[in-house]
Amino acid sequence: IRTTVRERRRRKNEQKEGQRRTEEDMAAALEEDQRGQEEGPSNQALYAEKRAYYQSRIALFEKYFAREQEKIERAKTDNREITVTLPDGKEIKAVANATTPWDVAMGISKKLAQASLIAHVDGNDWDMKRPLESDCKLRLFSFDDAEGKELYWHSSAHVLGEALELEYGADLTIGPAIEEGFYYDCSLGEKTLSPDNVDEIEKRMKAIIGEKQPFQRIVVSRDEALGMFAENKFKVELISNFPEDATISCYRCGPMVDLCRGPHLPDTAWIKSLKVTQCSRAHWRADVTKDPLVRVYAVTFPNDKLMKEYTRRIEEAKLRDHRLIGMNQELFFFNALSPGSCFFQKDGAKIYNSLIEFIREKYWEYEYDEVVTPNIYNFDLWKTSGHAAHYKENMFGFDVEKQEFGMKPMNCPGHCVMFSHRKRSFRELPMRVADFGVLHRNEFSGALHGLTRVRRFQQDDAHIFCRQDQMEEELTGFLKFLDECYEIFGLDYEMKLSTRPEGYLGELETWNKAETALESALNASGKEWELNPGDGAFYGPKIDIAVFDALRRRFQCATVQLDFQLPIRFNLAYQNEQNEDERPIIIHRAVLGSVERMFAILTEHYAGKWPYWLSPRQVMIVPISAHALDYAKDVRRRIRKAGHHVEVDSTDRKMQKKVREAQLEQFNYILVVGEQEKTNDTVNVRTRDNQVHGERKLDDVIAVLNEEKKTRSLECMFEKEKREKAAAEAPEA
């Protein structure tokens, strides 16, 4: 690709035109806001206070942008040829500091260019219209890719930030992309936003999108950045944390300039479908002791079809909200007397205990030993573990007899105390220690959210103390354990191997052995996995495991983490075959994560229709009349004796009404009894989905219920029996 004089002139004219357009946008925005019309004088007053600051910020940006353009123009005169290598190995000739990823994509096909949102240049994020600088490997990503979605929503967050500045004179803080959509936190002084403000924010954003404002990038020094954002104390704090010699990138769209590493869309017109979803409260740095902020959430998509699909999923998610189902089914509640600590009612406790019992059975199968450890420790323990220095603000602490104590936020330090209680031999390893102890973490009140973010919880927490040569076998065993559990729940999951970060601690050889063991265990699992290089913890590599529910939402629950540092901190050792002390490896692992969080995920995954083995409402017996009540009670006694949750509806309502009520209350089975059933020692079987399975011997029904509970089936066993019978009777093809 050769850059001609004509091409350089064309690009220079485009840059001038873009600058002229954004200046016109700024002028138009100022003119509109100076009218002081029907949108509310308070908004205009807030904006008027910040107008001079916004204008000075733009003036500085234009100065630095001109400097950037001069550098690019000077570099172009070299007309230096470079080679761009595509993922398939194909090589394309380009011109340094002139050719962009967009140019490369257009050279392949216009369709590819229009679909590509972000480039990776030698693995680094890159704007599609930012010139390439040297020989490189190039990858392009669309909205279908995670990288494309993140860029799309990050660029959209800048549009939201611009709208908040123009509409309310906001001091912007941070505006990241999130799992689905984005938000922007801002300070509005005494003003707050409510759902009533959503429409005006959305209207302003749509106007910005319609103006096709280009995203422009500059690189500035720390001092230059401080000068640009001098009147925004939040940005000043962020910039001040950078090293003095740091180079900082900033992006502009229209009259808004923000600190940002980028990259971004070419211009705002790439945003096609928009919805502002929520206004809420937040605090700077997520700290309730710091400035209160307003948080605005929104989502955007490249087309209306995706927005409709999103809206449908959100409406479905609202119906599945575990807080709503928990209230309707009387499973749990929260009370201001103990914020973040759940009250599990009798039916909720049945589910909670079933989850724990399930894991206990797997512990027995995989030969874990359950222990019970204290809830309160002297802070000397947390000083040894390192939590006192790095986690104290998230702990509940108090004084006892002039000594500082703390509620445990995790079990691993206590398990280290147990390991070091006496001398250990290599013959005792691996030592698998499991603990359902109650944990407490001092989460900010604003961060509490149903069962997914609480202060009091339990984990299926276990730690494996093992030799280096046992790591692979133990990891393989855990991944099998995990897969069997998630299959029972009906949850899909993904795994990523996070490897050695830059600031790792420990011996390189040990890290290499650990990463090899993790990789071998992942390969042995037969499941697909991804490499997440450099994202391990400083004390050891890990496998990040995320589950997906029925709506394909992603949750972090399980974990498996190798730890080389905690054994050093607690000076743990075992005697090897030569009677020499040797340091064990600790494997932190969990399947449910916190029981509370998994409870919430499964509630929404099943939409409150619990599989039989987890259901707190398994069987409802409906007597047709008062004459059948004694038989109904006898049926209940026999079913309960077999270990099932069973109730009798002894009200004087009609049978049809009782059946319908039981179905709405999500009883898995409704057993109708009358004089005929009493005579025959039978029950008439129905399900909550109104499938009628007819009259059956009570002992046979109990046998089916036992099997469905024992196997933890996700399917109704009567339906399975019906399907298998139909398949057996069907003529062969």
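Owing to the predicted nature of the structure, the values given are computational and were not obtained by experimental measurement. (Residues numbered from 1 in each chain as written. Predicted model: local features only at pLDDT ≥ 70, side-chain atom pairs only at ≥ 80, totals over all residues. Heavy atoms only, no water.)

## A look at a negative patch on the surface
Right, so step 1: Among the surface-exposed residues, Glu 577, Glu 580, Asp 581 and Glu 582 lie close enough to one another that they form a single negatively charged patch.
Right, so step 2: For Glu 580, a relative accessible area of 46% corresponds to the partly exposed category. (Patch = residues over 30% accessible without salt bridge, like charges linked within 9 Å, V, L, I, M, F, W, Y side chains within 5 Å. Areas by Shrake-Rupley, 256 points an atom, 1.4 Å probe, with all protein chains shown as cover. Salt bridge = Lys/Arg side-chain N within 4 Å of Asp/Glu carboxyl O. Lys, Arg positive; Asp, Glu negative; His and termini not counted. Charge placed at Lys NZ, Arg CZ, Asp CG, Glu CD. Buried < 20%, exposed > 50% of the residue type's maximum accessible area, 1.4 Å probe, protein only.)

## Topic: the sheet that holds strand 30 (residues 585–590)
Right, so step 1: Here 8 strands make up an open sheet; going across it, the order is 16-20-23-30-27-26-24-25 and the pairing mixed. Edge positions in the sheet fall to strand 16 (369–370) and strand 25 (529–532), since each of these pairs with one other strand and no more.
Right, so step 2: Sheet topology places strand 16 next to strand 20 (residues 431–435); 2 bridges connect them, and they run parallel. Its bridge partner lying in strand 20, Glu 370 is registered against Ala 434. (Pairing = 2+ DSSP bridges. Helix = DSSP H or I, 4+ residues; strand = E, 2+ residues; numbered from the N terminus.)

## Some points on the sheet that holds strand 31 (residues 619–623)
Right, so step 1: An order of 32-31-33-34-35 is seen for the 5 strands of this open sheet, with the pairing classed as mixed. At either margin of the open sheet sits one strand with a lone partner, and together these are strand 32 (646–648) and strand 35 (692–697). Taken over all neighbouring pairs, the strand axes of this sheet differ in orientation by 25° on average, direction set aside.
Right, so step 2: One ladder, built from 5 bridges, connects strand 31 with strand 33 (residues 669–673); its direction is parallel. Bridge assignment links Val 619 to a residue of strand 33, and that residue is Tyr 669.
Right, so step 3: Where helix 22 (residues 698–710) meets the sheet, it contacts strand 31, strand 33, strand 34 (682–687) and strand 35, and its direction lies at approximately 115° from that of strand 35. (Axes fitted to C-alpha atoms, helices over the stretch in contact; angles between N-to-C directions. Contact = heavy atoms within 4.5 Å.)

## Re the packing of aromatic side chains
Right, so step 1: Under the criterion given, the structure shown has 36 aromatic pairs.
Right, so step 2: Plain terms: the ring middles of Trp 153 and Phe 301 are 6.0 Å apart, the flat faces sit at 85° to each other, and that makes the pair edge-to-face. Placement of the pair is Trp 153 in helix 5 (residues 146–168) and Phe 301 in strand 13 (residues 292–301), with a sequence separation of 148 residues.
Right, so step 3: Trp 153 gets classed as buried once you look at its relative accessible area, which sits at 2%.
Right, so step 4: Classification of Phe 301 by relative accessible area gives buried; the value is 4%.
Right, so step 5: Between Phe 599 and Trp 610, the ring centres sit 5.9 Å apart and the planes meet at 70°, which makes this aromatic pair edge-to-face. In this pair, Phe 599 sits in helix 18 (residues 595–606) while Trp 610 sits in the loop between helix 18 and strand 31, placing the two residues 11 residues apart along the sequence. (Phe/Tyr/Trp six-rings, centres within 6.5 Å; stacked < 30°, edge-to-face > 60°.)

## A closer look at the pairing of strand 20
Right, so step 1: Summarising burial for strand 20: 5 of the 5 residues are buried, a large majority.
Right, so step 2: Where burial is concerned, the two faces of strand 20 agree: the one with Met 431, Val 433 and Asp 435 and the one with Arg 432 and Ala 434 are both buried.
Right, so step 3: Pairing geometry for strand 20 and strand 23 (residues 461–466), over 5 bridges, is antiparallel. Paired with Ala 434 across the two strands is Ala 462, which belongs to strand 23.

Limitation: the analysis is restricted to geometry and does not speak to function.
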